[in-house]
Structure formats: C-alpha cells, structure tokens
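One-letter residues, chain by chain:
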Amino acid sequence: MDEKQRIEDLGGCITFMGCWRVNGTYAVSRAIGDFDQKPYVSGDADSSTIQLSGDEDYVLLACDGFFDAITPSEVPDLVAEALRGADDSETGGSLPPEHAEDGVGNRVAERLMAGKSSAGRTRAARRARWWQLTQRWRMVGVFEINTGHEFYSLTSMMKEGMQACIQATSNTESQNSLTDEHFKTKGTQLLEGFEMHTFAAPVFATLRHSLDISEQEFMNSLCPRANYLQFISNSKSKADFFLTYDKRFFLKTQSKREVRFLLSNLRRYMDHLEKYPHSLLVRFLGVYKIVIPNQLKKYFIVMQSVFYPDERINNRYDIKGCEVGRWTDPETGGKQVVKVLKDNNFKEQSIVLGPEKSWFERQVKADTAFLQDLNVLDYSLLLAQQPLHQDELKGKHSFADLVIRTTKSLDIEDYPTHLEPSSVPLLRSRSEEVPDGAVCVPGQHQAAAEGDGEEILAQEINSPAKDTRCPVELQGFHKHHQRLLPNLKNAVHVIDGLEWRYFVGIVDIFTVYSIKKKLENLWKNLRYPGRVFSTVRPTKYSQRFCRWIHEHTQ
C-alpha cells in the first residue's frame, strides 16, 4: 500500500490488467532501467526481511516477466506437479535421496518456464489491449484524417508540398541578419496536380532556428507517413485546424486578408521576438498556399502548438478578459471532444507562479502593447495546466537542471564581453535592436490587409534606424528575460509554478479594429449596456487583458 501511495503521489496510477501494473505497463515498481516510466518506477531498491522457519516447501526466485505470464495463484500447483514428477522418475531410484534432489530445482524451473511460454500469448494480448487503450486516450479530442476523411486529399497535398518546399531550402545557410528581400521572398513548387507557394521562407527558417528546430526535425514532424489529426473543439472559428501526428505543430487555414496582414507586419513581429525572445506570442513557422488550377486556392499557416506535450494536461482555457459569452459547459456528453473552457469557467482560480509572477505580467504587458500598436483586438491567452511531479519539483532546484536550463536560455556566443553580467540579455539576440520609439501609427498596417487584389502585395519595408544600446538600456532589455526556460521542446510556452506546470500562449492576433469592428462595438454597447464584451478598441482591450492577468496571477 505504501508503494501504491508513492506512485499516486507522483501523479501515476496502479491499474489491474491481468496483474497490478504501474500506469498499466510494468509489473514492477522498482527497476534500474525502464526510463520511460521514471519516476514512478524507481531505481532505489526496496527490500524487506523475512525469517525462514525451515518448514517451507520451496522458495521461488523469479523476475517480473515470469509473473507477467504466470499468476501467483498458479505457482503452487505448478511447483507441486513438478516436484511429484521429480521424485525418482529420472534417477531410477538408484541414487541416494540427497543426490536425487540435486536436479529438482532445474526440472521445476523448466516446467514453470514451459507454463510461462504457453501463457505468453495471453501476455501479448494484454499488451496489445493496453496499447489500444493508450492510443484511444491519445486520440481524445482529435480524429485521424485517414483515406475516408473529407480532408485527406487536402492534408496529403499539404504534406507533399511542404516536404518539397523544405527540401528546396534545407541546404540554405541560416541568415544571421534578415534583409528586406528576405521578407519579400516567394517560392513556388510545381507538383503533380497542384502548386505549393511559400512566403518569406528565409524569415521563418530563421525563426525555427532560434527555437532549436532543425529543418530535418521540422520536415519529419510535418511530412511523416502518418496521417494528420483533425482537432475537435468547441471553437466558433470557421478555420480548419490540423495537428501533426506527434501533436507538436498546428496547421490552420487562413483567409487571404489574414495572411496579408501577417506578412505586412512580419518585420515588426520578428523585431518584437528579437527584443523579447521569451515572448508569449504564438510562433508562426511558415506561411503557404495550395493552388489546384481551376479548383482551389487555400492559404494556411504552421504554428508551434502551445499545448505540447499534452498527455498530462488537465484543463484548457481560452481567456480574453471579458464576460459576455465567456462560459462553456464542461460536460462533453460522452463525446470524444476536448472542451476549451473560458473566462467565466476560471472564476475563483489563480495562476500560481510564485517568483515568475512579475516576469509573466511584464511579458504580457509587452506583448499586448505590441498588439495594440498593430491595432489588433480579440486575441486570447491559451492556458492549460498540469500538476508537477515530485521529481520535477525537486529537479527545479538541482544543479544539473540549472545548468541545462541556463544553457537552453542563454546564447553564450552572443554575449557582449564588455558588459557587466547583470546587463547581458538572455537567448539569441541580433546585435541591432529596434528602438522603442520606432513604432507605426495604429491603422497604417491594416490598409494592406484589406485590399481586394488577388495577389499578396509585397511588404512595404520601413527599416528602422540602427540603435547602439547603452548599458542602461540593456539593463531594461534584460529585465524582460529574467526566467530560465524549462528543458522542453516547447519551452517558450511553458512556465513552471510552485506546484503546477502552465502552458501559455497568446493566439488569434489577426483581428484588426476595422470599421466593421467599430460598428460591432456600437451594437454591443446597446445590446449589453454596462457589461464587458470582447469587441472594444485595442487600447481598452489591452488594458483589460493585462488587468485580468494581474488579478488572476499569484
């Protein structure tokens, strides 16, 4: 019972599948190997002492694999049968009793192993059944897009087209500095029956490199033989959402206006990520367009999934900082759907970050100020949580973990050697910084996004003046990076609090405060007088968003 409690305290479970198993897999809870089940399966030995009286018929020493096929209740009969067959059948009664017993142990072991072998088929069946159960759990909220799915043809073309695009540029060296031409780059791959267009490929390759995503790794995830997954949620978005089979990257269809808006502001987006490498803004990793002549034109973007890995996530929330229409019934009605909850579902709860609270609030403020400057509203904070295991809590303070996280968070090669340690920025940062005053007037950047032309217009680049930062400015720059990233592939979207791990990211950043939205604001003011709704001017939206974060973070 103590061992069961230990495992459950760590967040694991003990299930019965023919015998008691740790997380439904291993039949032992102490082992040197089995790294995939650490810390539930511990490498620390657990022993007990039993005094033998001399009346015991036998002592059986066996591994967990034996008891994976033979139940403890079967052992006495098997041993008794083996002992009965070993009295003098092989000795002919010609040997003294003490010598006749010499080979009994081996003969009993042989019979027991024969019983184990015959039970092997049952063991394989149990393992197959467990694999099916884990696959079902993994597929909660998603459907595999197989040959009978309506999007199978589209996603197959997506994979084939992106593979061709990535292979065409994979040998190109990463850019240390991005020029105006890189942001204007367009590429086309002609494939059987369709075309794949790429936009600003060198820019997105640079961003992937900054996240330690190699081109081979990116292609392996996006273009595997396995099918994509369709995400099933209660979102009202008209876009189609797809997940790579490993759930690491999201693919989302976009309107031409949204793609134009992203590309026209891509320089500013990259400058913001350069200034705030730990920004909570979702990471866009590619923009593509599929063209089937005389049939289809479909834009889509590739994003890093905020909720990766998601195996242990408890609840997911979409937060906007308002109340009207911000409640979701958490009941699924037995359907395999992931309910994304909203602001009103989060009442009386808090994001408990401890020392990370101040950094988190500052970073949200910086990100929302950037979106306000783009004249954007209606964005969301995606939030999910999962409990930290005891080993994760202890590991946060270990020296080895500190070294790994520091290495992940710092780029030693980019350190200015003439500066004091306190003024050194974290993560990669190109030597040139955009001055804080080099901003554009809200509304200027939406014009290109609202045109009616068929082609995506080339971005008008207004290169900011170069700025040589003094140490005082670098200290202000540094304060936005005062956290060590966890040792995870999705590190920028993961924050470890006191007892919970939080997945956070700001998404849906394409809604401009246009004339249509202004009219919607007027109508909602009449419909919901005195209430808090999402369609407000960007300044008010940003302030309210930051206030919600402040009030719900500890």
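Residues numbered from 1 in each chain as written. Predicted model: local features only at pLDDT ≥ 70, side-chain atom pairs only at ≥ 80, totals over all residues. Heavy atoms only, no water.

This part takes up the nonpolar core. Counting residues in hydrophobic clusters, the biggest one holds 98 residues, and the most contacted among them are M162, L222, F284, V302 and F360. The residues touching F284, leaving out its near neighbours within four places in the chain, are F204, L207, L262, Y269, I301, V302, M303, I509 and F510. Membership of the second largest hydrophobic core comes to seven residues, among which are L10, A31, Y40 and V41. (Core = buried A, V, L, I, M, F, W, Y, C linked by side-chain atoms within 4.5 Å. Buried < 20%, exposed > 50% of the residue type's maximum accessible area, 1.4 Å probe, protein only. Contact = heavy atoms within 4.5 Å.)

To continue, consider the pattern of salt bridges. Where charged atoms from two side chains of opposite charge approach closely, those side chains can pair. In this structure the tally under the stated criterion is 18 salt bridges. Close ionic contact of E215 with R208 constitutes a salt bridge, the shortest N to O distance being 2.8 Å. Residue classification places E215 among the buried residues on the basis of a relative accessible area of 18%. The salt bridge involving E520 is made with K524; its shortest N-O contact spans 3.2 Å. In this pair, E520 and K524 both sit in helix α17 (residues 515-527), four residues apart, roughly one turn of the helix. If you follow the salt bridges from partner to partner, you end up with E3, R6 and R30 in one network. (Salt bridge = Lys/Arg side-chain N within 4 Å of Asp/Glu carboxyl O. Helix = DSSP H or I, 4+ residues; strand = E, 2+ residues; numbered from the N terminus.)

Bringing the sheet that holds strand β13 (residues 380-387) into the picture now. Spatial ordering of the open sheet is given by β12-β11-β13-β15-β14, a layout of five strands whose pairing is mixed. Looking along the sheet, the strands with just one partner apiece sit at the ends: β12 (340-342) and β14 (494-496). Shown here is a sheet whose adjacent strand axes are inclined to one another by a mean of 30 degrees, direction ignored. By the bridge criterion, five bridges tie strand β11 (residues 315-319) to β13 in an arrangement that is antiparallel. (Pairing = 2+ DSSP bridges. Axes fitted to C-alpha atoms, helices over the stretch in contact; angles between N-to-C directions.)

Looking now at the side chain of D378. Looking at where D378 falls in the secondary structure, it is placed in the loop between α13 (357-373) and β13. A polar atom in the side chain of D378 sits 3.4 Å from the side chain of S534. Discounting residues that sit within four places of it in the chain, D378 has contacts with K320, D508, T511, S534 and Y541. (Polar contact = N/O pair within 3.5 Å; in protein donor to acceptor, adjacent residues only side chain to side chain.)

Attention now moves to the packing of helix α9 (residues 201-210) against helix α12 (residues 266-275). At a minimum axis distance of 12 Å, the contact between α9 and α12 shows a crossing angle of 15 degrees. On the basis of their axis angle, the class for α9 and α12 is roughly parallel. The interaxial crossing formed by α9 with α12 has left-handed handedness. Of the residues in α12, those in contact with V203, F204 and L207 of α9 are L266, Y269, M270 and L273. Along the lines of polarity and charge, the residues of the contact of α9 with α12 split into seven nonpolar, no polar and no charged. (Parallel < 35°, antiparallel > 145°, perpendicular 65-115°, else oblique. Left-handed = near helix turned anticlockwise from the far one by under 90°. Nonpolar A, V, L, I, M, F, W, Y, C, P; charged D, E, K, R; others polar.)

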